[in-house]
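Structural overview
Below, each chain spelled out in residue letters.
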Amino acid sequence: FSDSLLVLMSVRIGNSDNIVEEIRRIQQDYHAVCKFHRRCEWKISVSVVSPEFSVEFQQMASAHLPSKVNIVVQVSSEPFNKFVHVRNCMDDISNYDLLLLKDNDQRI
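Residues numbered from 1 in each chain as written. Predicted model: local features only at pLDDT ≥ 70, side-chain atom pairs only at ≥ 80, totals over all residues. Heavy atoms only, no water.

**Topic: the packing of helix α1 (residues 16-34) against helix α2 (residues 51-64)**
Heads up, the condition is: Each axis is a line fitted through C-alpha atoms, taken for helices only over the stretch in contact, and angles between the N-to-C directions span 0 to 180 degrees. Only DSSP runs of H or I covering at least 4 residues are called helices, and only runs of E covering at least 2 are called strands; the numbering of each starts at the N terminus. For classification purposes, angles smaller than 35 degrees are called roughly parallel, those larger than 145 roughly antiparallel, those between 65 and 115 roughly perpendicular, and all remaining angles oblique. In this scheme the crossing of two helices becomes right-handed for a clockwise turn of the near helix relative to the far one and left-handed for an anticlockwise turn of less than a right angle. Note on contacts: a residue pair is in contact if any heavy atoms of the two residues lie within 4.5 Å. Three classes are used, and their members are as follows: Ala, Val, Leu, Ile, Met, Phe, Trp, Tyr, Cys and Pro are nonpolar, Asp, Glu, Lys and Arg are charged, and the others, Gly among them, are polar.
Axis separation between α1 and α2 bottoms out at 10 Å; the angle between their running directions is 25°. If you check the angle between α1 and α2, you find them roughly parallel. Classified by chirality, the crossing of α2 by α1 is right-handed. Facing Ser-16, Ile-19, Val-20, Glu-22, Ile-23, Ile-26 and Gln-27 of α1, the residues of α2 in contact are Phe-53, Glu-56, Phe-57, Met-60, Ala-61 and His-64. When its residues are assigned to classes, the contact of α1 with α2 shows 8 nonpolar, 3 polar and 2 charged.

**Focus: the packing of aromatic side chains**
Applicable threshold: We call Phe, Tyr and Trp rings a pair once their centres come within 6.5 Å, taking the six-membered ring for Trp, and we label the pair stacked below 30 degrees between planes, edge-to-face above 60, and tilted otherwise. Burial here depends on accessible area, computed with a 1.4 Å probe over protein chains only, as a share of the maximum for the residue type. Under 20% is buried, over 50% is exposed, and the range in between is partly exposed. Two thresholds decide whether a charge sits over a ring: the Lys NZ or Arg CZ must be within 6 Å of the ring centre and within 35 degrees of the ring normal.
One pass over the structure, following the stated rule, counts 1 aromatic pair. With a centroid separation of 6.1 Å and an interplanar angle of 55°, the aromatic rings of Tyr-30 and Trp-42 are classed as tilted. Taken together, the residues span a long stretch of sequence, with Tyr-30 in helix α1 and Trp-42 in strand β2 (residues 40-48) at a distance of 12 residues. This pair shows no difference in class: Tyr-30 is buried, exactly as Trp-42 is. Over the aromatic face of Tyr-96 sits the side chain of Arg-39, whose NZ or CZ is 4.1 Å from the ring centroid.

**Examining a nonpolar patch on the surface**
Threshold: In this analysis, a patch consists of residues with relative accessible area above 30% that form no salt bridge, clustered at 9 Å for like charges and at 5 Å for the nonpolar side chains Val, Leu, Ile, Met, Phe, Trp and Tyr. Areas reported here follow the Shrake-Rupley algorithm with a probe of radius 1.4 Å; residue values treat only the protein chains shown as occluding. Salt bridge, as applied in this entry: a Lys or Arg side-chain nitrogen positioned within 4 Å of an Asp or Glu carboxyl oxygen.
Residues Phe-83, Leu-99 and Leu-101 make up a contiguous nonpolar surface patch of roughly 290 Å² in combined accessible area. Structurally, Leu-101 can be placed in strand β4 (residues 98-103). Note on Leu-101: relative accessible area 44%, which makes it partly exposed.

**What about the environment of Val-46?**
With respect to the helices, strands and loops of the structure, Val-46 is situated in strand β2. Discounting chain neighbours no more than four positions away, the residues touching Val-46 are Val-11, Ile-13, Phe-57, Ile-71, Val-72, Val-73 and Gln-74.

**As for the nonpolar core**
The line we're drawing: As used in this record, nonpolar core signifies buried Ala, Val, Leu, Ile, Met, Phe, Trp, Tyr and Cys residues forming a set joined through side-chain atoms within 4.5 Å.
Grouped together as the largest cluster of nonpolar side chains are 22 residues, with contacts concentrated most on Ile-13, Ile-26, Trp-42, Ile-44, Val-46, Phe-57 and Val-69. Taken together, the elements giving at least two residues each to this core come down to β1 (5-13), α1, β2, α2 and β3 (69-75). When near neighbours in sequence (up to four residues on either side) are disregarded, Ile-13 contacts Asn-18, Ile-19, Glu-22, Val-46, Ser-47, Val-48, Val-49, Phe-53 and Phe-57.

Given below as structure tokens:
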């Protein structure tokens, strides 16, 4: 096993179909990358366009994603800046040997 890894990712959810697809991608990518690291954590910022999507995403995430995937959901119809999430995680980054900034459409 290699060094510790922190994965930072931002996701925009516009409809229910996006929720199922994103949960599936996160689950697959988590397992693909984390098997190579002794410590592997994900911090994901999720922006949804409606409160209903927030509840649905959180329920699906808690049912299907590992506990090392930390999700923060915010409701907003405005465009989002994924680098705000990176800035908010600056204090955590120094606790890891490696950092991966992952786009949600980037497959591992």
